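# Observations on the model geometry
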Amino acid sequence: MFLLLACAEEPVGVTYYADVRPILDRNCARCHTDEGQATSFDTAEAVQALAASIVTRTEAGDMPPPAPDPSCAGYSGSEDLFLDDASKDVLRKWADAGAPLGDPATAPDAPAALTTAPFDAELRGSGPYTPTFDATGNDYRCFQLDVGNEEAAFVTGFEALVDNPRIVHHVVLWSVGQGVELPAEDGVTPGFACDGFGEDGWDFFAGWAPGGRPVMFDEGQGIRVRARTRMVLQMHYYAAYDGADQATDQSGYGLHLADSVDTEVYTFPLGVEDFEIPAGEYHEEEMVLPWQDNWGDVTIVGVFPHMHVLGSSFGLDVHHADASSTCVVDIPRWDFHNQQAVMLDEPVHVVGGDVIDLSCQWDNTANNPAQPSDPPQIGRAHV
């Protein structure tokens, strides 16, 4: 009689390299880097030390940061903005087991960087700029850009190229009308001083805020730009840390261009202005826009919601003439640090007789964890 004996290896449990890192690469790496404002996840040991906190924050729904609800309307990239129950279970089991690192060789390849490069045009400010912060810790600076197109063209996609995300509050790209004069740079300090709302003859073209992703239109769609188009890159810097006034930045935008498209895309700024958010209170503003027959039929392909730190929720709906309604964007919990351009999976058609309903809410109480003032102060329209 022969006995064949084998010693079975103990099953390997959940480890950082094999199981946790792929989740973090997919759902967290866009913010949690050495270059960003969030706690860095760039080393295994850093993540290991935060294991219990990661579980607490993810199970509470605080991380990944709140994002537009895809059950309202599906949109590009939403699958990377939420953790499913299976992923949360992996994180929980890993932390409960003592957060073992495991074998680095078991780690899958990290996903490619989220970029749409190479670009047909890459536009940046005229040189590295060191912010000069005011008493509130803010600095607005604008830079004139030249797309360089000799003929009219169409922008089919764009991507903010944020050089120093630790000090960049937001980036806005404006298209400047012909004949509009722009302040000249002095040749010493790059750019020129500006405010946050643009000027007459500046048309909003694109925007980025923390958490933002590249925007690509569907095949055959694009925004028209005139020949030799001038643009203004508007930077909002803020003193996010001690020493920020010594930092430099040379951000810009990457553009994808085409000679022609089948469908022209337009930007349509929409929002409420000239209001106050009472100190210590919750506040809501609503904009109801009846769509007129003579405005023509339009199709909403995307929305870029924007508020600042007092924002608490955002909603955009279209009420149709047949008494039905379409949810376009629903953000039940606004997070300034996770602002997304919502590029819709299913565009929404708007015709005469429909009503666009925009609703914004703010929390200006002391209970708001993002409250910038102690005690709370009256908020203005741009806060």
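Structure first, text after, so check above.
Residues numbered from 1 in each chain as written. Predicted model: local features only at pLDDT ≥ 70, side-chain atom pairs only at ≥ 80, totals over all residues. Heavy atoms only, no water.

### Things to note about the packing of aromatic side chains
Tallying each qualifying case throughout the model produces twelve aromatic pairs. A centroid spacing of 5.7 Å and a plane angle of 35° characterise the contact between Y129 and Y237, whose relative ring orientation is tilted. Placement of Y129 in the loop between β1 (121-124) and β2 (138-146) and of Y237 in strand β9 (residues 230-238) is noted, with a sequence separation of 108 residues between them. Neither Y129 nor Y237 differs from the other in exposure class; each is buried. Summarising the aromatic geometry, the rings of W174 and W202 are spaced 6.1 Å apart at their centres and angled 55° between planes, so their arrangement reads as tilted. Of the two residues, W174 sits in strand β4 (residues 168-176) while W202 sits in strand β6 (residues 202-208), which places them 28 residues apart along the sequence. Given the relative accessible area of 9%, W174 is considered buried. Put simply, the rings of F158, F205, F217 and Y253 touch in pairs and so form one group of aromatic residues. (Phe/Tyr/Trp six-rings, centres within 6.5 Å; stacked < 30°, edge-to-face > 60°. Helix = DSSP H or I, 4+ residues; strand = E, 2+ residues; numbered from the N terminus. Buried < 20%, exposed > 50% of the residue type's maximum accessible area, 1.4 Å probe, protein only.)

### Concerning the side chain of H32
Summarising the element assignment, H32 is placed in the loop between α1 (16-27) and α2 (44-49). By relative accessible area, which is 14% here, H32 ends up buried.

### Some thoughts on the packing of α1 against helix α4 (residues 85-96)
Taken N-terminus to C-terminus, the directions of α1 and α4 make an angle of 135°; their axes are 10 Å apart at the nearest point. The orientation of α1 relative to α4 falls into the category oblique. Of the two possible hands of crossing, α1 and α4 adopt the one that is left-handed. In this structure, α1 contributes Y16, D19, V20, I23 and R26 to the contact, and α4 contributes S87, V90, L91 and W94. When grouped by side-chain class, the residues that make up the contact of α1 with α4 number six nonpolar, one polar and two charged. (Axes fitted to C-alpha atoms, helices over the stretch in contact; angles between N-to-C directions. Parallel < 35°, antiparallel > 145°, perpendicular 65-115°, else oblique. Left-handed = near helix turned anticlockwise from the far one by under 90°. Contact = heavy atoms within 4.5 Å. Nonpolar A, V, L, I, M, F, W, Y, C, P; charged D, E, K, R; others polar.)

### What to know about the side chain of N27
Considering the arrangement of structural elements, one finds N27 in helix α1. Those residues within four positions of N27 in sequence are excluded, and the remaining contacts are P64, E79, D80, L81, F82 and L83.

### A few points about the sheet that holds strand β15 (residues 325-331)
Reading across from one edge, β12-β17-β14-β15 is the order of the four strands in this open sheet, with antiparallel pairing throughout. Because the sheet does not close on itself, it has two edges, and the strands there are β12 (282-290) and β15. Averaged over all adjacent pairs, the angle separating strand axes in this sheet is 10°, with direction ignored. Pairing analysis gives six bridges linking strand β14 (residues 311-319) to β15, with the strands arranged antiparallel. Bridge pairing in β15 places F314 opposite I331. (Pairing = 2+ DSSP bridges.)

### With respect to empty space enclosed by the protein
For the structure on display, the rule yields one cavity of 30 Å³ or more. Looking at the largest cavity, its volume works out to about 40 Å³. Around the largest cavity, the lining residues are P66, A67, P68, P305, I331, W334, D335, N338, Q339 and Q340. When the residues that make up the lining of the largest cavity are grouped by side-chain class, the tally is six nonpolar, three polar and one charged. (1 Å grid on protein atoms, 1.4 Å probe; cavity = no way out; pocket = protein on both sides within 12 Å on 5 of 7 lines; lining within 4 Å. Points joined across faces, edges and corners; volume = space filled by probe spheres on them.)

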